[in-house]
Amino acid sequence: MQRTSQALALSICFACLSCRADGKESIEFVAEHLPEIAMDNRYASLPLWNPCEERRSADRSFCFGINPGYARTHSGTLSSDGPMLSLSASRPLGEQYRLTAFVFVDDLALQGGVERRPLDTLFADVPLAQPVAAQFTGLDGKARDVGAGIALNGSAGPGWIPALQWSAGIMWQQVRLSDYRFDYLLTDGAAAGTTGTIDFSTTYTHTSPFVGAAWPRARGAWLFAPHVQFAMPLPRRGVAGRITGPGFDLAGNTADNGNGKHFGDPSVTIGCNVTYTPWHFTVDIGSTITQALVEPQIHEGVRHNLMLSTHWTF
């Protein structure tokens, strides 16, 4: 009897683990959200709130920053992970304003195991009954988000919220998805056994205005800067893809196919920079927490998101 109970418990555990690799969201739905979360992680880690006044000297009005980070996002066996890096330079404009220019590159690996999800293509009309259960394998691609921007920082006028700082700017960014391709096998329906490929490789280019506010507070050798930011990538674009199968090879995007422009979501991020002033070193603890909690709720189908962001001023 005891052996039977143990065997039953093991069977339930294995069944639960197997279910975790299956998703109710279509492969196209998740393939859109992985790079969109990478964009949100970048917005959350823009070098806008790092103190630099004490790094300037009589013979140098600029201060510089290096902002290394890391991101890992996954859903089922699908993952997008890799390093993030930005470089920045700031200089004061008068006593109440500061101008910051920055460049960045986030180099992420797109990988996956065996995924069981619906095939439901909105970027092209495929001669298959959809949605249909399918198995997807073979993902080994890259996502690179590169760009540059400029921001103006200032303090609120007299009588406003004490110590409030604001930032407003604009950035150009390009999200390049390469080898973002799956082999698929239909596992249900009249066309069960059909095989082919589905490929989401493309390049999305946006101009993204952003605004934000921070409330810095000093405590001895520590500086805390809670902040909130909003970014809007423009224009929104149709999700692009290409699918092949027996007797067809179709490419398109959801906008041209009458299914809307979905790629490039407005982004609200919340963080809290913690700076140890003797080292001029900052960790954005707040964004790590909020990006982990909020992104899986905003972008359905993505289970976990980890983003680490640090900054050193020199």
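These figures come from a predicted structure and were not determined experimentally.

Student: For the packing of aromatic side chains, give the residues involved together with the corresponding values.
Tutor: Per the stated rule, a full pass over the model turns up 13 aromatic pairs. On the numbers, 6.3 Å between centres and 50° between planes, the contact of F102 with F210 is tilted. Linking F102 in strand 3 (residues 97–111) with F210 in strand 10 (residues 202–214), this pair joins segments that are 108 residues apart in sequence. For the pair F102 and F210, one class covers both residues: buried. A centroid spacing of 5.1 Å and a plane angle of 85° characterise the contact between Y276 and W279, whose relative ring orientation is edge-to-face. Judged by relative accessible area, which is 25%, Y276 ranks as partly exposed. Residue classification places W279 among the exposed residues on the basis of a relative accessible area of 60%.

Student: An account of the nonpolar core is requested, with residue identities and associated values reported.
Tutor: Judged by nonpolar contacts, the single largest core of 46 residues is most densely connected at L119, Y180, F182, Y184 and I198. Secondary-structure elements contributing two or more residues to this core are helix 2 (27–44), strand 3, strand 5 (132–137), strand 6 (140–155), strand 7 (165–178), strand 8 (181–186), strand 10 and strand 13 (240–245). Per-element tally for this core: the top contributor is helix 2, with eight residues. In this view, F182 contacts I27, L78, F136, T137, L139, G196, T197, I198 and F200; residues no more than four positions away in its chain are not counted.

Student: Lay out the environment of L185 in plain terms, naming residues and giving numbers.
Tutor: Its place among the elements puts L185 in strand 8. Between the C-alpha atom of L185 and that of R116, which follows or precedes it by 69 residues, the distance is 9.5 Å. Sequence-distant contacts of L185, defined by excluding residues within four places in its chain, comprise A133, A134, Q135, G193, T194 and T195.

Student: How would you summarise the pairing of strand 17 (residues 304–313) if you had to cite specific residues and measurements?
Tutor: Bridge count between strand 1 (residues 63–75) and strand 17: eight bridges; the pairing is antiparallel. Across the sheet, H74 pairs through a bridge with H304, a residue of strand 17. Sheet topology places strand 16 (residues 281–284) next to strand 17; three bridges connect them, and they run antiparallel. By the bridge assignment, V283 is partnered in strand 17 with T310.

Student: Can you break down the layout of surface pockets residue by residue, with the values?
Tutor: Approximately 210 Å³ is the volume attributed to the second largest pocket. Lining the second largest pocket are 14 residues, with F29, E32, H33, L122 and H262 sitting closest to its centre. It is helix 2 that contributes the most residues to the lining of the second largest pocket, five residues altogether. Per-class residue counts for the lining of the second largest pocket are four nonpolar, four polar and six charged.

About the criteria used
Starting from 1, residues in each chain are numbered consecutively following that chain's sequence as written. Only residues with pLDDT of at least 70 get local features here, since the model is predicted, and only at 80 or more are side-chain atom pairs given and counted; chain-wide, interface and lining totals rely on the full set of residues. To get the side-chain values, all heavy atoms of the structure are used, and hydrogens and water are removed first. Put simply, two rings from Phe, Tyr or Trp (the six-membered ring, in Trp's case) pair if the centres are within 6.5 Å, and we call them stacked under 30 degrees between planes, edge-to-face over 60, tilted for the rest. To qualify as a helix, a DSSP run of H or I must reach at least 4 residues; to qualify as a strand, a run of E must reach at least 2; elements of each kind are numbered from the N terminus. Residue exposure (1.4 Å probe, protein chains only): buried if accessible area is under 20% of the type maximum, exposed if over 50%, otherwise partly exposed. The definition of a nonpolar core used throughout is a set of buried Ala, Val, Leu, Ile, Met, Phe, Trp, Tyr and Cys residues joined through side-chain atoms within 4.5 Å. Only heavy atoms matter for contacts: two residues are in contact if any of them lie within 4.5 Å across the pair. By definition, two strands form a pair when at least two bridges between them are found by DSSP. Buriedness for pockets is judged along seven lines, at least five of which must meet protein on both sides within 12 Å for an open set on the 1 Å grid over protein atoms alone, while cavities are sets there where a 1.4 Å probe fits but cannot get out, and lining residues have an atom within 4 Å of a point. Grid points are joined across faces, edges and corners, and a volume is the space filled by probe spheres set on the points. Side-chain classes are defined by residue name, with Ala, Val, Leu, Ile, Met, Phe, Trp, Tyr, Cys and Pro counting as nonpolar, Asp, Glu, Lys and Arg as charged, and the others, Gly among them, as polar.

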